[in-house]
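Here is what each chain is made of, one letter per residue.
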Amino acid sequence: NAGVTQTPKFRVLKTGQSMTLLCAQDMNHEYMYWYRQDPGMGLRLIHYSVGEGTTAKGEVPDGYNVSRLKKQNFLLGLESAAPSQTSVYFCASSPTSGIYNEQFFGPGTRLTVL
Amino acid sequence: KQEVTQIPAALSVPEGENLVLNCSFTDSAIYNLQWFRQDPGKGLTSLLLIQSSQREQTSGRLNASLDKSSGRSTLYIAASQPGDSATYLCAVPRLGGGGADGLTFGKGTHLIIQP
């Protein structure tokens, strides 16, 4: 199993450009998450999904959109990138194991917005 | 709002020492707590998931404990090795419960083991 994979690994955008980050998992997990990690701030939840076709806002959702059209994929979109969105983005997934939801993370995407 | 604090922020010790990393959280209505390891420029690796009913969980030289009533968890690393050098992160369910709504993370303890 590849686990959780993220595409691309690195990206540089100019302010105002758009892009989509792809997360894929091959563990048949029901739940998927997008976090961002910034120096001094730790990891913060952007959006999440508890199943195919469902999405919900996390702690810092502004400026991002997400879609979960297939169970194994979770897409994070930036419609008009801003320098404040320069960050490392991590995707995670978790099985529906009742009340104990262990999360497994991808390797991250490092995004720079100029 | 759940808040997670990790102490110390950084730690440097000689190889072979036993050490303790601390994590505290404000909302004790959680069913589990997860410890992660992050190497520079890499993703997060899950080390241990402690269920609230377990109070302790062990994996090799790692032992994690959870005391919900006091809002604390500790990660004990025995006989530390240079390969243990990394940032260790503690995370709890963001909105309580089991974490289906995501996790709240501490800022981590940056650990250096000197050869």
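Residues numbered from 1 in each chain as written. Chains lettered and ligands numbered in written order. Predicted model: local features only at pLDDT ≥ 70, side-chain atom pairs only at ≥ 80, totals over all residues. Heavy atoms only, no water.

A few words now on the overall build of chain B. The helix and strand inventory of chain B stands at zero helices and eleven strands. The C-alpha atoms of chain B give 13 Å as radius of gyration, which agrees with the globular expectation for 115 residues (13 Å, within 12%). Each of the three principal axes of chain B carries a C-alpha extent, and together these read 40 × 30 × 20 Å. The buried share among the 115 residues of chain B stands at 47%. In chain B, 54% of the contacts between residues at least 6 apart in sequence involve partners at least 24 apart. Working note: accessible area of chain B is about 5,100 Å², and carbon and sulfur atoms make up 48% of it. (Helix = DSSP H or I, 4+ residues; strand = E, 2+ residues; numbered from the N terminus. Rg over C-alpha atoms; globule rule 2.2 N^0.38 Å. Buried < 20%, exposed > 50% of the residue type's maximum accessible area, 1.4 Å probe, protein only. Contact = heavy atoms within 4.5 Å. Areas by Shrake-Rupley, 256 points an atom, 1.4 Å probe, with all protein chains shown as cover.)

Scanning all chains against the criterion turns up eight aromatic pairs over all chains. Seen in terms of ring centroids, Tyr64 of chain A and Tyr89 of chain A are 5.9 Å apart; in terms of plane orientation they differ by 65°. Their pairing is edge-to-face. Taken as a pair, Tyr64 of chain A in the loop between strand E6 (56–57) and strand E7 (65–67) and Tyr89 of chain A in strand E9 (residues 87–94) lie far apart in primary sequence, 25 residues in all. Between Phe105 of chain A and Phe36 of chain B, the ring centres sit 5.3 Å apart and the planes meet at 85°, which makes this aromatic pair edge-to-face. Of this pair, Phe105 of chain A sits in strand E10 (residues 104–105) while Phe36 of chain B sits in strand E4 (residues 32–38), on two different chains. (Phe/Tyr/Trp six-rings, centres within 6.5 Å; stacked < 30°, edge-to-face > 60°.)

Turning to its location among the elements, Asn101 of chain A is positioned in the loop between E9 and E10. Separated by 53 residues in sequence, Asn101 of chain A and Tyr48 of chain A have C-alpha atoms that sit 14 Å apart. For Asn101 of chain A, the residues in contact, after removing those within four places along its chain, are Tyr31, Ser94, Pro95 and Thr96 of chain A together with Asn32, Gln34, Gly98, Gly99 and Ala100 of chain B.

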